[in-house]
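# Inside the fold
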Amino acid sequence: MRNRNPVEKIKERHDKKAAATTIRSYIWISFIIFTLIILALLWVFQYVFIKGYYSSMKAQMLYEAADVISKNIDSPHIEGDLRDLAFKNSLCIVVTDRNGRVIFLENTLGSYSFYELDIKGQDGQFLKSLRDDLDNRIEENPENGSITKKYENEDFKSLELFYVEKLETQSGDRYVYLEATVDPIDSTTAIIKNQLVYISIILLEVSFIITLFISQRLSRPIVNITKTAKKFAEGDYKTEFKSQSYQEVNELSEVLDNARVEVSKVSNLRRDLISNVSHDLRTPLTIIKSYAEMVRDLSGDNPEKRQEHLKVIIDESDRLSALVSSLLEISKLESGNMELEITEFPLHEKMTEVKQRYEILNLREGYNITFVEDTDVICRCDSSKIDQVLYNLINNAVNYCGEGKSITIRQINKPNFVRIQVTDDGAGIAREKLPMIFDRYYRDERSQRDKIGTGLGLSIVKEILKMHKFPFGVISEEGKGSTFWFEIAVVPQE
Ligand code: ADP
C-alpha cells in the first residue's frame, strides 16, 4: 500500500470533517422529513381517500338504520322511530306491503328522492323492480333478506344508495326501502384542499422555527465545549469547562474538566521539574567550577585550603550524582520494567545497619535519632528497595526536623505486618499540602537549598511501596512535626 505523506493525511482528515453532518443540519433534515411525512399523510387521508371514506360511512349508516328497523318493526312506536331515523340520518324510508301499497313514507331528501319520484310519477315501478329482485334472490337462497344497489347520478354528480329488505311482521310481509344520497363532495374537498395548503405552509413554518430553536439549543453547549477544548488544545489550562444544560453534555464537560485539571497538574509538574532540576544542576555545577578555579589559581599550594575546597567540590558532585540517580530511579520505577527481588530477613538486622549509618549525625551534628523497637520479626520484601524507603524518610526527617533535631524511628508489630514510623519534631506539613507531597517533583517552597532535595524522594517511596502493595501514609500537624509510616509484610511466626 502506498504510504501517504502527512500533508495528504491532514487534508484527508479535513475533508472527512467537512463531509460530516453537523447536529444542526441533522436535526433540520430529520424535522423536515417528519413534517413532510405528516403533510403527506394529511393530504392522502383528507384529500385522496375522502370520497371512498365518505361513501363507505354512508353505507355503514344505512345498514345500521336497517338493523334498527328490522329489530323494531313490530313495535307500536315504529312509525315514530322510522321518522327519527330518517331525520337523523338524512334518509328516505318507504315501507310497502307485498303488493307495493305504501304503508309508510318519510323523505328527508326532498325532491331528489328517487323513491318519492317513483311513487308519485311512475306508480312505484322502481320500487317494484327492487322488490322483484329481492324476491328472486330470496327464492334462490332464503338467507338473502336484503339487497343494496348503488347508482352514480351523473346529473348531480352524486351517488345514490338503495337498500331493500323483506321483514315478516304480525300484519304480514313488509318491504322496507332505504335511500341515502352521498352528496357530491367536490366542494368539500376543494375546501379541504384549500385548508391543507394553509396547514402545510403553517406546519412548514412552525417546524422551521422549532428546528431552528431546538438545533440551536442542542448544539450551543457542544459548540461552547468545543471552543473551550480548542483553547485547552492550544495550551490554555485555565479556562474551565463550564457545566451545560444537558446531562450528557454536562458529563462530557465534567470529564474534560477533570482532564484539564490533570493535564495542567502534569504541565505544572513538568515546568517545576525543569526549573527544579536545572536549578539543582546549575548550582552545584557553578560551585564546582568556581571551587575548581580557586584550587587552580589560589589554593593549589595551600594544602589546608585545597583540602577544604576539594571537599566542597566532592560534596557538590555527590549532590549532583544523588539528583541524577533519583531521576534515573524514578524513571525506572515508573517505566514498570522493574522487578522486585523479594527476600526474607530479620528486621532488627536492618535497624542495626540504619542505626550505625546515622550514628555519626548523633555524634557530630547533635541530632537525637532514637529507635523504639518491638520484638524482632522476619520481613518479606525487596530489601534494597525498602532500604531506599527507610533512608528517604529518615533523610527527610533529618532535613525538615526542628531545632530539637529529634527524630524517632518506631517499630510497631501488627498481625502479618510490621509498621515503621519515622517521626520528627519539625515544622510539619500544611493540611492542604499533604495530598501533594507524594507527587513527583513536589517541593514545598519553604524547602531551602541547604536541605538537600530534589522533590523526588517521596515519589520514589510511593512507587516502591505501591509495587510491594504495602500501605503507607503521613500524619502531620503544622508546628508539631510529621510522622511518615509504612508497613512491611512479615513471615507469620509459628
Ligand atoms: P525533597 O527532595 O524536597 O525532600 P521529597 O519528595 O522527599 O522531596 O519531599 C517532598 C516535599 O515534602 C518536601 O519538599 C517537603 O516540603 C515535604 N516533606 C517531606 N518530608 C517532610 C518532613 N519530614 N517534614 C516536613 N515536610 C516534609
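Residues numbered from 1 in each chain as written. Predicted model: local features only at pLDDT ≥ 70, side-chain atom pairs only at ≥ 80, totals over all residues. Heavy atoms only, no water.

As assigned here, the chain comprises domain 1 (73-184), domain 2 (256-333) and domain 3 (344-489). Of note, the centres of domain 2 and domain 3, computed from C-alpha atoms alone, are 23 Å apart. (Domains from an automatic or database assignment.)

Strand order in the open sheet formed by 5 strands is E2-E1-E5-E4-E3, and the pairing between neighbours is antiparallel. Looking at which strands have only one partner, the edges of the open sheet turn out to be strand E2 (102-107) and strand E3 (146-153). Between one strand axis and the next, the sheet turns by 15 degrees as a mean value, whatever way the strands run. In this sheet, strand E5 (residues 172-182) lies alongside strand E1 (residues 92-96) in antiparallel orientation, the contact comprising 5 bridges. Looking across to E5, one finds that Cys92 is bridged to Glu179. Against the sheet, helix H6 (residues 125-140) contacts E1, E3, strand E4 (158-169) and E5, and its axis sits at roughly 140 degrees relative to E3. (Pairing = 2+ DSSP bridges. Helix = DSSP H or I, 4+ residues; strand = E, 2+ residues; numbered from the N terminus. Axes fitted to C-alpha atoms, helices over the stretch in contact; angles between N-to-C directions. Contact = heavy atoms within 4.5 Å.)

With that settled, the discussion passes to the nonpolar core. Grouped together as the largest cluster of nonpolar side chains are 47 residues, with contacts concentrated most on Ile369, Ile407, Ile409, Ile420, Ile437, Phe486 and Ile488. When residues in this core are grouped by element, the largest group, 8 residues, is from helix H11 (residues 383-400). Leaving out residues up to four positions away in the same chain, Ile409 has contacts with Met351, Ile369, Thr370, Phe371, Val372, Ile394, Ile420, Gln421 and Val422. Ile73, Val95, Tyr163 and Val176 belong to the second-largest nonpolar core, a separate cluster that totals 23 residues. (Core = buried A, V, L, I, M, F, W, Y, C linked by side-chain atoms within 4.5 Å. Buried < 20%, exposed > 50% of the residue type's maximum accessible area, 1.4 Å probe, protein only.)

This brings us to the packing of H11 against helix H12 (residues 457-468). It is at 9 Å that the axes of H11 and H12 come closest, and there the two elements cross at 145 degrees. As for the relative orientation of H11 and H12, their crossing is left-handed in sense. Contacts between H11 and H12 pair Lys385, Ile386, Gln388, Val389, Asn392, Leu393 and Asn396 from the former with Gly457, Leu458, Ile460, Val461, Ile464, Leu465 and His468 from the latter. Classifying every residue of the contact of H11 with H12 by side-chain character gives 8 nonpolar, 5 polar and 1 charged. (Left-handed = near helix turned anticlockwise from the far one by under 90°. Nonpolar A, V, L, I, M, F, W, Y, C, P; charged D, E, K, R; others polar.)

Right, let's talk about the pattern of salt bridges for a bit. Using the criterion set out here, one finds 22 salt bridges in the structure. The closest approach of N and O atoms between Asp173 and Lys166, which form a salt bridge, is 3.6 Å. We classify Asp173 as buried; its relative accessible area is 19%. Residue Lys289 is joined to Glu293 by a salt bridge in which the shortest nitrogen-to-oxygen separation is 3.6 Å. (Salt bridge = Lys/Arg side-chain N within 4 Å of Asp/Glu carboxyl O.)

For Gln244, the position within the fold is in the loop between helix H7 (186-233) and helix H8 (247-297). When the C-alpha positions of Gln244 and Ile222 are compared, they lie 8.6 Å apart, and in sequence the two are 22 residues distant.

A surface patch of nonpolar side chains, about 830 Å² in accessible area, is lined by Ile29, Ile33, Ile37, Leu41, Val44, Phe45, Tyr47, Val48 and Phe49. Along the chain, Ile37 turns up in helix H2 (residues 23-48). (Patch = residues over 30% accessible without salt bridge, like charges linked within 9 Å, V, L, I, M, F, W, Y side chains within 5 Å. Areas by Shrake-Rupley, 256 points an atom, 1.4 Å probe, with all protein chains shown as cover.)

This paragraph deals with the sheet that holds strand E7 (residues 368-372). Paired through backbone hydrogen bonds, the strands of a sheet run either parallel or antiparallel to each other. Spatially, the 5 strands line up as an open sheet ordered E7-E9-E10-E12-E11, and their pairing is mixed. A single partner strand is all that each edge strand has here, and the edge strands are E7 and strand E11 (472-477). Taken over all neighbouring pairs, the strand axes of this sheet differ in orientation by 15 degrees on average, direction set aside. Of the pairings in the sheet, the one linking strand E9 (residues 406-414) to strand E10 (residues 417-424) comprises 8 bridges and is antiparallel in character. Along E10, the bridge assignment pairs Arg410 with Gln421. With respect to the sheet, helix H10 (residues 347-365) is in contact with E7, E9 and E10, its orientation differing from that of E7 by roughly 165 degrees.

A positive phi angle, close to 70 degrees, is found at Asn416, a residue other than glycine. A relative accessible area of 48% places Asn416 in the partly exposed class. With phi around 60 degrees, Lys469 is a residue other than glycine that occupies positive phi space. With respect to the helices, strands and loops of the structure, Lys469 is situated in the loop between H12 and E11.

Moving on, we come to H10. For H10, with 19 residues, the first-to-last C-alpha span of 27 Å sits near the 27 Å given by 1.5 Å per residue. When the local axis directions of H10 are compared, the greatest deviation, roughly 35 degrees, occurs at Tyr358. Buried positions along H10 lie against strand E6 (342-346), E7, strand E8 (378-382), H11, E9 and E10. Positive backbone phi, approximately 75 degrees, marks Gly366, located one or two places after H10. (Expected span 1.5 Å × (residues − 1). Bend = angle between axes of the 7 residues up to and from the residue.)

Interaxial distance between H10 and H11 falls to 12 Å at its minimum, and their mutual angle equals 35 degrees. The two elements H10 and H11 cross, and the hand of that crossing is right-handed. Here H10 contributes Lys350, Glu353, Val354, Arg357, Tyr358 and Leu361 to the contact with H11, which in turn contributes Ser383, Asp387, Leu390, Tyr391, Ile394, Asn395 and Val398. A per-class count over the contact of H10 with H11 returns 7 nonpolar, 2 polar and 4 charged.

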